Amino acid sequence: MEKIVGEVLHLFETGDINKSIELAVNYIENNTANNKNIATLVHLYNDLTMFFHDTKNTKKAIFYAKKGIELANSFNYLEILASQYMRLANVYGKFHINDQALFFLKKAKQIAQQTNNREILPSIQFNIASLYFDLGKIQKSLDIISPILEDNNYVLKPKVYSYHNLLASNCFAHLKNYKAALLYSLKGLENAKFDNDFLWQEKVKIPIYYSCLGEMEKAQELLKSLENKIEQISENEEILSTYQYAWGLFYKQSKDFNNALRFLEKAIEFPFTEFHFEIYSDLISCYHSLGMHQKAIVLSDEYLKSANRYYVKERAKRLLKMSAFLELREAESEADKSKVLFDQEKRYRTNIEAEKIKFDELLSNILPQQAVIELKENDFVKPQKYESVSVLFAELVNLNTILDNKCPEEVIELLNEIITAFDKLAIAHKIERIKTIGSTYMAVAGVPLPNDKHLTNIMAFAQSILKELSKFNKNKNTDIKLKIGVDSGSLIAGVVGHRKFAYDVWGDTVNTAARMQSYGLTGKIQCTNKVYEQLKETYTFENRGMIDIKGKGKMNTWFFVIRK
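Model, not experiment: these values are computed from the prediction. (Residues numbered from 1 in each chain as written. Predicted model: local features only at pLDDT ≥ 70, side-chain atom pairs only at ≥ 80, totals over all residues. Heavy atoms only, no water.)

Caption draft 1: Seen up close, the overall build of the protein chain. When you go through the protein chain residue by residue, the secondary structure sums to 25 helices and eight strands. Buried positions account for 49% of the 564 residues belonging to the protein chain. The long-range fraction of contacts in the protein chain, counting pairs at least 24 apart against all pairs at least 6 apart in sequence, stands at 62%. Taken as a whole, the protein chain presents about 29,400 Å² of accessible surface, with 49% of it coming from carbon and sulfur. (Helix = DSSP H or I, 4+ residues; strand = E, 2+ residues; numbered from the N terminus. Buried < 20%, exposed > 50% of the residue type's maximum accessible area, 1.4 Å probe, protein only. Contact = heavy atoms within 4.5 Å. Areas by Shrake-Rupley, 256 points an atom, 1.4 Å probe, with all protein chains shown as cover.)

Caption draft 2: Structural view of the side chain of S162. Along the polypeptide, S162 turns up in helix α9 (residues 158-174). Accessibility expressed as a relative area gives 4% for S162, which makes it buried. Look past the residues within four positions of S162 in its chain and what remains in contact with it is G188, A192 and L199.

Caption draft 3: Broad picture of the nonpolar core. Counting residues in hydrophobic clusters, the biggest one holds 109 residues, and the most contacted among them are L48, I124, Y245, I279 and L283. When residues in this core are grouped by element, the largest group, ten residues, is from helix α5 (residues 78-94). Beyond its immediate chain neighbours, meaning those up to four positions away, I279 contacts S241, Y245, L264, A267, I268 and T273. Among the nonpolar cores identified, the runner-up in size contains 36 residues, and L392, I431, F472 and Y532 belong to it. (Core = buried A, V, L, I, M, F, W, Y, C linked by side-chain atoms within 4.5 Å.)

Caption draft 4: Up close: the packing of aromatic side chains. By the definition in use, this model includes 18 aromatic pairs. Ring centres 5.1 Å apart and planes at 70 degrees place the aromatic pair F250 and Y251 in the edge-to-face group. For the pair formed by F250 and Y251, the shared burial category is buried. On the numbers, 5.5 Å between centres and 90 degrees between planes, the contact of Y532 with F541 is edge-to-face. An aromatic cluster is built from Y532, Y539, F541, W558 and F560, whose rings are joined through pairwise contacts. Positioned above the aromatic ring of Y184, the side-chain terminus of K187 is 5.4 Å from the ring centre. (Phe/Tyr/Trp six-rings, centres within 6.5 Å; stacked < 30°, edge-to-face > 60°. Lys NZ or Arg CZ within 6 Å of the ring centre and 35° of its normal.)

Caption draft 5: Summary view of unusual backbone geometry. Across the junction of V447 and P448, the peptide omega takes the value 0 degrees, indicating a cis bond. Residue position: P448 is located in the loop between β3 (440-445) and α23 (454-476). For N116, which is not glycine, the phi torsion reads 55 degrees and is therefore positive. Within the element layout of this structure, N116 appears in the loop between α6 (98-114) and α7 (121-134). Positive phi is not limited to glycine here, since K176 has a value of about 65 degrees. Within the fold, K176 resides in the loop between α9 and α10 (178-190).

Caption draft 6: Layout of the environment of L189. Here L189 lies in helix α10. On the basis of relative accessible area, L189 is assigned to the buried category, the value being 8%. Placed 30 residues apart in sequence, L189 and K159 show a C-alpha to C-alpha distance of 9.7 Å.

Caption draft 7: Focus on the confidence of the model for the protein chain. Of all residues in the protein chain, 79% attain a pLDDT of 70 or more, and the chain-wide mean is 79. Between the elements of the protein chain, mean pLDDT differs from a low of 39, seen in helix α18 (residues 313-322), to a high of 95, seen in strand β6 (residues 525-527). The low-confidence segment residues 308-342 (pLDDT under 50) makes 52 contacts with residues lying over four places distant or belonging to another chain. (pLDDT = per-residue confidence, 0-100.)

Pasting the structure below:
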């Protein structure tokens, strides 16, 4: 490993971010072509992914993550591949694209286990547990994190150990087990260096746990010790809100409701911080305890109006259920009004969520997931060149004679059944359907996510659709045939159009695959010499010989026969 990696990291950690990025990018540009120092290049891709993720440049973070993955895969460099997949997962996690984040984290975990890398495995598990925590699956998160803390065989660096304990603490706090939350919080902060706001936020939670456990002297002592530090970090709303809430909860638990209100009303001034729901709940409780029922009702209304934008339906329902004003006979009319408002807000929120789901599903059906992410982030998808992919064209033959005697509805139903079956097989084989052109199905492998098994995947897919069509013919008593053509090489992919956009691919590989299909024979998979050379050790081919291809001249082509 060259010292360049250390220099880049040192510059980044000392705050010279632009210089560290410039140094890494220059090294990559000057050393990529000759494929030297692969380990160094992959490490730098990994570092750049981290740098751009930390500086919230998601587009470049994904770009360098994929570059690193592609290079590490090409040279089977598993030691860093797990880390690179984890970095990419973190970028998707930032945009709450949880299925993709979890997919890449599981790939990272699989590689780490395969290489017995017990140093990075805890970090991967931590990210998986954090994802489940954010999804509200608290017990599942805890089930992942607890064994790591109890297993001495894991190599836990001080920072990793600290963060694992703090996640466990937050899980127990959500489960209302404040004794365990306090224990793990103290462990996590024991040797932590308070160099970031996250650790200070976690420390401010400790007096909250003491108050919940009834240990009021310890809660008060710790809150007083934090006063000077809180003044120094007065710009961080999350910490300030939590600190004010900790004091408010302390006084509430001590039955000093006037002082509790003083701090809780300050805490609620910071909108939608971590304890937002708890602050509202305790404020409503204090108002009721002081006989200020009308203020409790107004505050409940205020929360319900904003809950649909920031909280899931269950939390809003919980507040409504908890609000004591619903139980007060003298406030029945006001409560009824609030409930009507809540029902209206709930219906509005449900409709908005349903429309968003429909839109996301529609977009995902039109474009690959990675293109959807980029489109949402930047309002455009940058064209990208792929050096190693596979392209397939499959034409449905004999359709006209079968469809001539059918009505339009029957035609669409028949075609839809075939294409839907092909699409399911495409997903199973990691194939991306680009489009259908008349009676021709066009698909690629290795786009938009690079895949070193793209050619074997496309061949397996070609076999599958032949078998699927054979079953279809048997069930429907039809005689539809397929002509399939395959080529492998480079291409350019991107989105064209603005109002009616479409994801498409261009290049000689695309044109050649189309020629393989159009000059093919029914029931056959015709391939170029390039495909044959890559797969001849694992597949059996029949040499068709030289044929004259329009626009290409004489070409030696092959028919796929069977996997060896």
